[in-house]
Amino acid sequence: MAEDQIQDPKLQVEAARKAFEQEFGRFADFAENSARLNALDLKSSEAEQRALDELRTRHLGKKSALAASKKLIGRIAASERGSFGQFVQQNEAEITDKIERTGLALKAHVELARTAREAIDVTLPGTRPRRGHVHPITVVRERIEDIFVSLGYAIEDGREIETDFYNFDALNIPENHPARASQDTFYTTDGFALRSQTSTVQIHAMQRRGAPVRMIAPGRVFRRDTPDPTHNPMFFQVEGLCVDRGISMAHLKGTVAEFLRRMFGEQTLTRFRPSYFPFTEPSAEFDFSCFKCGGTGCRICKNSGWIELGGSGMVHPNVLRGAGVDPEEFSGFAFGLGIDRMVALMYGLDDIRLLFENDVRFLKQFD
Ligand SMILES: [Zn+2]
């Protein structure tokens, strides 16, 4: 075989050239015919660039037939060497030129296609990120806070896990009271209770600030209720406390009535019904005239014209004493109401569990 190669090196070069021309065929008019290039999208142009690179390696690389022919130059008779060398170089130059020109045309086309792809139409409207909004409970809580701040109340933030002292004893709830039973309250393994009412904040506030004090405390409370349309084991309350010299039931009624007028409108009426809570004496539940029908009766007020809202009363002397306030000198009132229930009333929800399921389709209606 070696003999043959030496005998006919020119044929070898010609065979290499022929093989190249065959493979190059599909690129042949890329450089001359812009219509053919323009028919290629960016992805296929890039694929053609890679195919051309491989073609270059196959026909001009170190392992190409042409490179093998070059090695023969030294073994050819001196008289033939010059013309054979020229023949090899000429073929190499022509192949190189074809590949180069095609490569340049492809490169220009790819750059154009990339620019077109990256071009931004600045006249098109942008896509605005959707803004979030606060939860309906937060909306109502903030409205309540605004009203009481304008009445001179401070806003207190209480702890959600309490000792028995703050959750029960300090609130005048004795050891054998049913509220302390484990079927009504969540206890941790260390014997702490998840607070079952925001009234616990009253004690902390009086201990820290002393008297006089005026504060509201909105926050979560926990009870072992089975979830249903009107109950949830976790819900929101707001607690109010006012302790000063000479505070009477009249102050309580005036404050609650003013709050409800600002919340539901000037025409809102308030009424108090005697009730019982361990931490207040006397105690009263309060209702307000239905904001929907104005008192004539509708579905929301169950045709009574009134909506029950919360509990209240004069702070029990034992509670004042337990928090280090002298009941001989000071008196006060306290009230509490459920925020979730208010939200459900105001937005006409028939199931308060909707408020905690975090279904965006539900929540985005309150934007
Ligand atoms: Zn009504």
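Look a little higher up for the structure.
Draft legend 1. Highlighting the coordination of the zinc ion. At the metal site, the zinc ion is ligated by Cys290 (SG), Cys293 (SG), Cys298 (SG) and Cys301 (SG), and these contacts range over 2.2 to 2.3 Å. Here the zinc ion is ringed by four donor atoms whose angles at the metal span 104 to 118 degrees, and the overall shape comes out tetrahedral. All donor residues of the zinc ion come from one chain, and their arrangement in sequence is C-x2-C-x4-C-x2-C. In terms of burial, Cys290 and Cys298 fall into one category: buried.

Draft legend 2. Highlighting the packing of aromatic side chains. A complete count under the given rule lists 16 aromatic pairs for this structure. Where Phe264 meets Phe288, the ring centres are 4.4 Å apart and the plane angle is 20 degrees; that geometry is what we call stacked. Taken together, the residues span a long stretch of sequence, with Phe264 in helix H10 (residues 249–264) and Phe288 in strand E7 (residues 280–289) at a distance of 24 residues. Just as Phe264 is buried, Phe288 falls in that class too.

Draft legend 3. Structural detail: helix H9 (residues 200–209). Burial analysis of H9 places seven of its ten residues in the buried class, the great majority of the element. Gly210 occupies a position one or two residues after H9 and carries a positive phi of about 70 degrees.

Draft legend 4. Representation of the side chain of Thr198 in the model. Along the polypeptide, Thr198 turns up in the loop between strand E3 (193–194) and H9. On the basis of relative accessible area, Thr198 is assigned to the buried category, the value being 1%. Setting aside residues up to four positions removed in sequence, Thr198 forms contacts with Ala217, Gly219, Val221, Gln237, Val238 and Glu239.

Draft legend 5. Focus on the pairing of strand E8 (residues 306–315). Most of E8 sits out of view: eight of its ten residues are buried. Strand direction decides the pairing type here: E7 and E8, joined by eight bridges, are antiparallel. For Glu285, the partnering residue across the bridge sits in E8 and is Gly311. With five bridges joining them, E8 and strand E9 (residues 331–338) adopt antiparallel strand pairing. By the bridge assignment, Gly313 is partnered in E9 with Ala334.

What counts, and where the lines are drawn
Residue numbers restart at each chain and count upward from 1, following the sequence in its written direction. Per-residue local features of the predicted model are confined to residues with pLDDT of at least 70, and side-chain atom pairs are confined, for both listing and counting, to 80 or more; whole-chain, interface and lining totals are unaffected and use all residues. Just so you know, side-chain values use all the structure's heavy atoms and leave hydrogens and water out. For Na, K and Ca the donor cut-off is 3.2 Å; for every other metal, N, O and S atoms count as donors within 2.8 Å. Water does not enter the count, which can leave sites looking incomplete. In this scheme the shape depends on donor count and angles: four donors with every angle between 85 and 135 degrees give tetrahedral, four or six donors with opposite pairs above 155 degrees and others between 65 and 115 give square planar or octahedral in turn, and any other case is irregular. The buried label goes to any residue with under 20% of its type's maximum accessible area, the exposed label to any with over 50%, and the partly exposed label to all in between, with areas taken from a 1.4 Å probe on protein chains only. For this analysis, a ring pair means two rings from Phe, Tyr or Trp (six-membered ring only for Trp) whose centres lie within 6.5 Å, classed as stacked if their planes differ by under 30 degrees, edge-to-face if by over 60, and tilted for the remaining angles. The secondary structure listing takes helices from DSSP runs of H or I that are at least 4 residues long and strands from runs of E that are at least 2 residues long, numbered from the N terminus. When checking whether two residues touch, look at their non-hydrogen atoms; a contact exists if any pair is within 4.5 Å. Two strands pair under a simple rule: DSSP has to find at least two bridges between them.

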